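One-letter residues, chain by chain:
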Amino acid sequence: MRVARMFFNSRLEFTGLTRIICRTALTLALIAGFGIIALAQSESGSAAIEGVINAADAKVLPGATVTLRNADTGYARALTTDERGRFVARAMPVGVYSIEVKASGFAIGKREQVQLSVGNTQSFNITLQIAAVSEQMTITANSEIVNVTDTNNSVVINQQAIENLPIRGRNFTEFLQLTPNVMQEQNRFGIVVNGQRSINSNISLDGVDFNDPVQGGPRGGGLKESAYFFPQLAVREFQVVLDGASAQVGRTNSGYVNVVTKSGTNKFYGETFYMNRNGKMTSPDAFGNDSSSNAQHQVGAAVGGPIRRDRVFFFAAFEKNLIDIPYTVKFDAPTGNVAIPQDILSQQGNYIQKNNPLVGFGRLDFVLSPMNTLNVQYTYSAQYGLNFGGASGQTNKASTNNTILDRASQSVKAAFTTVLSPNLLNEVRGQYVYDNRTQQPNSILAEISINDFGTLGGNKDGTFIYNATRFQVLDNLTWTPSKHTFKFGVDFNISPGKQQRETNYGGIYTFKTLSDYLAALAGDSTKISRYQQSIAANGTQGQYQATQQDHSIFATDTFKVRRNLTITAGLRWDFQINPQPTTPNPAQPLTAQIPHDLKMVQPRLGFAWDIGGKGTTVLRASAGLFDSRTPSYLMQRIFTDNGLNTLLLDSNTDAGILKLVKVPNAITALPAGVKTPINSLYAFDPDFRNPRSGQMALAIERQIDRDTKITLGFVRNSTWNLQRRLDTNLFAPTVLPNGLPVYPAYDSKNVLVQASGFNAATGQPIFIDSATGKAFTPKVARPDATLGQINLNKSVSHSSYNGFSVNIQRRMSHRLQLGFNYTHSFNRDDDSNERDFNRQPAINTFKLKSDAAWAKNDIRNNGNLNALYDLGHGFTISTLVFARSGYPVKPVVGADTQNDGNTVNDRPIINGLVANRAAFRQSGFFNWDMRLIKEFRLGETRRLILSIEGFNLTRSTNKQFNGDGETAFGSPQAAVNPNTGLSFTNNTALIPTSAPGTDRFGGPRQGQLGARFVF
């Protein structure tokens, strides 16, 4: 009833426009199902099988009965071949099958051990003998390693890899890196596919959406957080669709991850495990800091089996992690001869970040009849985190700047599959999920940002609240007449969300130097460079609480032109309906609307050509449009920062504030008489659109031997309409000879004056007063003098990715399973914003191409290797190797040298010219992990498996710059800084200051012991 009310009765969130669109969508979907030729696709959460039945004389056999039977559950589906001898079975549960074929006058034909993997279509041609020659023919099948039907380029990570490869945190999403064109971003740990923003990827779990509607990316992701914790014990396998995703896949302009969970079978099965990592097996970190406080305990169990044989099955799993991750606080060396007080020095040293998640998962599978199956699933998660704010490795931020995380999440999902006729199948799925997170700051003090030293005090943003809810219902219909496989469907998503993430609620002091801070602490408020604080007003409490809607329809078709040529085409229509501000500012019309995107029509085309028709060499090509969604976190500030709902205290606006504050405390109530003009306003451009990619891909897949294949691929992904936030309340700047854009200022006569030069000694532009002829200190000039920044979200950024890849896969044979990937890529953009909530990084808002450079996630060379080898006598060894070249590094100044009131977009002048956004490169990355397993047989079904693992065996430092790949130069100076070799004040310019922690690939060298009992 609650879902129904949200669909039809909500006055604010479900408008008449929505009802019209949904009715139109349903109508078009029904029309499309019977008349549109569209695209073949990955089976979402399931698999497919097809083939042709022939007689010994090569003639096809129409009317033959084909029975597919799951070896584990007994589930069977019967099909009849058409006039071309063809059979097709869609939406098959993943697993091992037998195929039995009967035809009048012919011997029974059988194939055993047919493996169906998630998202893939297996093709089999079976030849029947005349009954007089043979009464039955049975073949033990070894599924074709080259997929000759699907037009997408994908990689499957199977159960053996998930269970036996070394993994640091039992987070299955980290295995996504075992594919080409995939990397993990360095700051928020999101997965980047084809160079796109990680928030625009798409993960499906058993056919339903597994993404966070508020933050984007995998469910549960957020500000500097790792992905949602899901039990690795429950993951059977998953498919990573790298390119050529079908029209069934939407809300992404990058990759698609298709995950399938384990289910019960006709045999009872169970396992339990314990893994331990401790300080005695942990090396110092990349900077030599002690990591002996590292402690990680991981425990879990799973059980599954029949409730009623062949009819009802259950599976359940839980995992609990108790993780103490050490990190080190080390402040930068301050400029000048400053005696650092002991109370500040005592905040340096080793600290612990706790990450203690608990998750439970269960599913029931019902075979109601040969034509109807039902699946019901439930997931529970709780998580506690101490010092949970991105602390990892070494940092110059005090532990008081971190937060305490409290999270609770639950989800319920159901799926009903009906075989309506031999060539008509319907799947309906639905889910309800919520994920509620709160992060409280460790300290109630204001944040103290000291440019030449580090960060003290509390967290400037105060308390974070993220509540994400999703209601989803989708229906897919598959029709397989003659040469075609039509598929069409509708998908309805309603996502209520709540977020409190206002910048500066906790207050922030900014100081140029440590000596200035110490003077202010002693009472000299003139040494405070700036004080800022936000205060909720107008009864809003600084919170966003609204509902987004994402709906879609699609239609697809697989058309076999010949046995060795499959042509595909498809059409998808996504539409995003955004919430509208409830209390807009009447004086600022831009704050009254967040535009919907109702024009995401996405045609797609592809083919798979089995060259020579032998199933050993396939050429795949695809092209299409891909639209992603805009997460609602971008919309909060339209609700809370419109000039009415949040008051901004800023000493740059009212210097009198400095007399009212007392370092290091925040202001508890709005002081009387303080000026609170609208320092910043947030809005959406009326023409805002969701990101759109034009993707073209080409791949050739070649079988090397019976169990090994190689794929050579190329993908180009060109993306428009990427979100970018710009300050539009600025006059056009003057570009100085050194290339630095400087915005004008009013002089003493209120004349708008452009900068006339640049002072290389101070790093500041020069302004000359028209009345006196003397230099003056500028203040930002605004076209609308009643406002400060007008921060407009515009869809004007562009990126282009070109990736060349090699993928080698060998399935388990002769004791060896192997995967190798190498990618050579080029990734450029004019803005690498991922989840920036507060920053406007454009150097010139009137010439956005000035920022065009290598993207933040540009990696020229990226390779990885994974292997499993059965040594015999119960021993198995496995390994993971990651190696890549370095990310770009962005040099920044940390002060406003452009006179635009913005300190995050200013870059240093190096060799007489403003530095490029990607002027430098970080060092490369290398990580080598290994696991040795010894299995003891304790009976027919019981096994004890002991393991020892080593992570980062070479102890590579893998040092890096801050999460956004930035390095601070500080102010210019005449003398060379002996710490950096540069003529700038900051002691960390071009010097890496962080490295992965013990829970990340590339962290300190560690050992891990484990035990697993299977019964």
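Reading the values: rules and limits
The numbering scheme is per chain: residues are counted from 1 as the chain's sequence reads. Per-residue local features are limited, in this predicted model, to residues with pLDDT of at least 70; the limit for side-chain atom pairs, both in listing and counting, is 80 or more; totals at the level of whole chains, interfaces and linings are taken over all residues. With hydrogens and water excluded, all non-hydrogen atoms of the structure serve as input to the side-chain values. Helix and strand definitions here come from DSSP, where helices need a minimum of 4 consecutive H or I residues and strands a minimum of 2 consecutive E residues; each element is numbered from the N-terminal end. We take the radius of gyration over the C-alpha atoms and set the globule estimate at 2.2 Å times the residue count to the 0.38 power. Each residue's exposure class comes from its accessible area (1.4 Å probe, protein chains only) as a fraction of the maximum for that residue type: buried when under 20%, exposed when over 50%, partly exposed otherwise. Throughout, a residue-residue contact means that at least one pair of heavy atoms, one from each residue, lies within 4.5 Å. Under the counting rule used here, the positive set is Lys and Arg, the negative set is Asp and Glu, and His together with the chain ends is not counted. Here the site of a charge means atom NZ of a Lys, CZ of an Arg, CG of an Asp or CD of a Glu. Between any two strands, pairing holds if DSSP finds at least two bridges. Salt bridges, as used here, are contacts in which a Lys or Arg side-chain nitrogen is within 4 Å of a carboxyl oxygen on Asp or Glu. Throughout this description, a polar contact denotes any pair of N or O atoms lying within 3.5 Å of each other; where both atoms belong to protein, one of them has to be capable of donating a hydrogen while the other can accept it, and for residues adjacent in sequence the pair is counted only when both atoms sit in side chains. For the purposes of this section, nonpolar cores are sets of buried Ala, Val, Leu, Ile, Met, Phe, Trp, Tyr and Cys residues that join through side-chain atoms within 4.5 Å. Only residues whose relative accessible area exceeds 30% and that form no salt bridge enter a patch; like-charged residues are grouped when within 9 Å of one another, and nonpolar side chains (Val, Leu, Ile, Met, Phe, Trp, Tyr) when within 5 Å. Only the protein chains shown count as covering a residue, and every accessible area follows the Shrake-Rupley method with a 1.4 Å probe. Each aromatic pair joins two rings of Phe, Tyr and Trp (for Trp, the six-membered one) with centres within 6.5 Å, and gets the label stacked for planes under 30 degrees apart, edge-to-face for over 60, and tilted for any other angle. Only when the NZ of Lys or the CZ of Arg is both within 6 Å of the ring centre and within 35 degrees of the ring normal is a charge said to sit over the ring. Between N-to-C directions, angles cover 0 to 180 degrees, with each direction set by a line fitted to C-alpha atoms, over the stretch in contact for helices. On a range of 0 to 100, pLDDT expresses the predictor's confidence in each residue.

Asks: I would appreciate a short explanation of the overall build of the protein chain in the present structure.
Replies: The helix and strand inventory of the protein chain stands at six helices and 58 strands. A compact globule built from 1015 residues should have a C-alpha radius of gyration of about 31 Å, and the protein chain, at 30 Å, falls within 12% of that. Considering only C-alpha atoms, the protein chain reaches an extent of 110 × 65 × 50 Å along its principal axes. Out of the 1015 residues in the protein chain, the part that is buried amounts to 61%. A separation of at least 24 residues holds for 73% of the contacts in the protein chain among residues at least 6 apart in sequence. Counting 98 positive and 77 negative side-chain charges, the protein chain places the centres of these two groups 2 Å from one another.

Asks: Explanation requested: the pairing of strand β45 (residues 816–829) in the structure shown.
Replies: The side chains of a regular strand alternate between both faces of the sheet. Covered by surrounding structure in β45 are Q817, G819, N821, T823, S825, N827 and D829 only, the residues L816, L818, F820, Y822, H824, F826 and R828 on the alternate face being uncovered. For strand β44 (residues 787–813) and β45, the ladder comprises 13 bridges, and the chain directions are antiparallel. When the bridges of β45 are listed, S813 appears paired with L816. Alignment of β45 against strand β47 (residues 861–872), held across nine bridges, turns out to be antiparallel. Across the sheet, residue N821 finds its bridge partner in β47, namely N864. With two bridges joining them, β45 and strand β46 (residues 853–854) adopt antiparallel strand pairing. Among the inter-strand pairings, D829 is bridged to a residue of β46, identified as A853.

Asks: Honestly, the pattern of salt bridges in this entry has me stumped. Any pointers?
Replies: Any two side chains of opposite charge can pair if their charged atoms end up close together. According to the stated counting rule, one finds 47 salt bridges in the structure shown. In this structure, E100 engages K110 in a salt bridge whose closest nitrogen and oxygen atoms are separated by 3.6 Å. Highlighted residues: E100 in strand β5 (residues 95–102) and K110 in strand β6 (residues 108–116), separated in sequence by 10 residues. Judged by its relative accessible area of 22%, K110 falls in the partly exposed class. Residues E427 and R429 are paired through a salt bridge, measuring 3.2 Å at the closest nitrogen-oxygen approach. Several salt bridges share partner residues, and in doing so they unite R197, R724, D830, D831, K849, D851 and R907 into one network.

Asks: Quick question: what am I supposed to make of the side chain of R860 here?
Replies: Along the chain, R860 falls in the loop between β46 and β47. Looking at R860, its side chain comes within polar contact range of the main-chain oxygen of S825, at 2.8 Å. Non-local contacts of R860, meaning those with residues more than four positions away in its chain, are made with T823, H824, S825, F826, W854, S885 and R921.

Asks: Even after reading the chapter, I still don't get the sheet that holds strand β49 (residues 888–892), so can you show me in this structure?
Replies: Within a beta sheet, neighbouring strands are joined by backbone hydrogen bonds and run either parallel or antiparallel to one another. The sheet built from three strands is open, its strands ordered β52-β49-β55 with mixed pairing. Among the strands making up the open sheet, the edge pair consists of β52 (920–921) and β55 (966–968). As defined by bridge partners, β49 adjoins β55 across three bridges and the pair is classed as parallel. Across the sheet, K890 pairs through a bridge with E966, a residue of β55.

Asks: Help me understand the nonpolar core, please; the structure alone is not making it clear to me.
Replies: Soluble, globular proteins show a tendency: their nonpolar side chains are buried together. I157, F175, F230, F238 and V259 are the most contacted members of the largest nonpolar core, which totals 36 residues. Of all the elements, strand β14 (residues 235–243) adds the most residues to this core, at four residues. Those residues in contact with F230 that sit more than four places away from it in its chain are R170, F172, L205, F210, V235, T261, V359, F361 and T379. Judged by nonpolar contacts, the second largest core, of 27 residues, contains I49, V94, V118 and I126.

Asks: Help me understand a nonpolar patch on the surface, please; the structure alone is not making it clear to me.
Replies: There is a patch of nonpolar side chains on the surface, built from Y274, V299, F318, L358, Y378, Y380 and V412 and spanning about 550 Å² of accessible area. Note that F318 resides in strand β18 (residues 312–329). By relative accessible area, F318 is classed as partly exposed at 36%.

Asks: Mind showing me how you'd approach the environment of A78 here?
Replies: By the element assignment, A78 lies in strand β3 (residues 76–80). Classification of A78 by relative accessible area gives exposed; the value is 51%. Note: C-alpha distance between A78 and T876 (798 residues apart in sequence) is 40 Å.

Asks: I would appreciate a short explanation of the packing of aromatic side chains in the present structure.
Replies: Each aromatic ring pair is characterised by the separation of its centres together with the angle its planes make. Taken as a whole and judged by the stated rule, the model has 25 aromatic pairs. For the ring pair F882 and F1001, a centre distance of 4.8 Å and an interplane angle of 55° mean the geometry is tilted. A residue pair is termed long-range when its members are at least 10 positions apart, and F882 in strand β48 (residues 875–884) and F1001 in the loop between β57 (982–984) and β58 (1006–1014) qualify at 119 residues. Taken together, F172, F210, F230, F238 and F361 form an aromatic cluster joined through their ring pairs. A cation over an aromatic ring shows up here: R170 above the ring of F273, its NZ or CZ 4.1 Å from the ring centre. Above the ring of F936, the side-chain terminus of K934 is found at 5.1 Å from the ring centroid.

Asks: What should I look at first to understand the environment of E447 in this one?
Replies: Inspection of the secondary structure puts E447 in strand β24 (residues 447–450). For the pair E447 and A47, spaced 400 residues apart in sequence, the C-alpha separation works out to 53 Å. When near neighbours in sequence (up to four residues on either side) are disregarded, E447 contacts N401, T455, L456, G458, N459, K460, G507, I508 and Y509.

Asks: Can you walk me through unusual backbone geometry in this structure?
Replies: Glycine aside, the phi torsion of most residues is negative, and most peptide linkages are trans. In this structure, the amide linkage connecting V663 to the following residue, P664, adopts the cis form with an omega of 10°. Turning to its location among the elements, P664 is positioned in the loop between β34 (646–650) and β35 (678–684). Unlike most non-glycine residues, D310 shows phi in positive territory, near 70°. Its location among the elements puts D310 in the loop between β17 (295–308) and β18. Residue L990 is not a glycine yet carries a positive backbone phi of 60°. Relative to the helices and strands, L990 is located in the loop between β57 and β58. The class of L990 is partly exposed, set by a relative accessible area of 31%.

Asks: Would you explain the pairing of β49 in this entry?
Replies: The element β49 is largely enclosed, with a buried count of five among its five residues. The alternating pattern of β49 places P888, K890 and V892 on one face and V889 and P891 on the opposite face, and all of these are buried. The sheet contact formed by β49 and β52 spans two bridges and is antiparallel. Bridge pairing in β52 links P888 to R921.

Asks: For this particular structure, what's the right way to read the sheet that holds strand β1 (residues 47–55)?
Replies: In space, the three strands of this open sheet follow the order β4-β1-β7, with mixed pairing throughout. Edge positions in the open sheet fall to β4 (86–92) and β7 (121–128), since each of these has one partner strand only. When the angles between neighbouring strand axes are averaged without regard to direction, this sheet yields 15°. Two strands pair when backbone bridges link them, and β1 and β7 are joined in this way by eight bridges, in the parallel orientation.

Asks: Quick question: what am I supposed to make of the confidence of the model for the protein chain here?
Replies: Where the model shows low pLDDT, its predicted coordinates should not be examined in detail. Of all residues in the protein chain, 93% attain a pLDDT of 70 or more, and the chain-wide mean is 89. Throughout residues 1–41 the model reports pLDDT below 50, and contacts reaching past four residues in sequence, or to other chains, amount to 88 contacts.

Asks: Sorry if this is basic, but what is going on with the side chain of N276 here?
Replies: Of note, N276 is situated in strand β16 (residues 269–278). Of the residues examined, N276 reaches a relative accessible area of 13% and is grouped as buried. There is a polar contact of 2.8 Å between the side chain of N276 and the side chain of N278. One polar contact links N276 to H297, side chain to side chain, over a distance of 3.2 Å. Each residue touching N276, except ones within four places of it in the same chain, is listed here: M281, Q296, H297, G1007, Q1008 and L1009.

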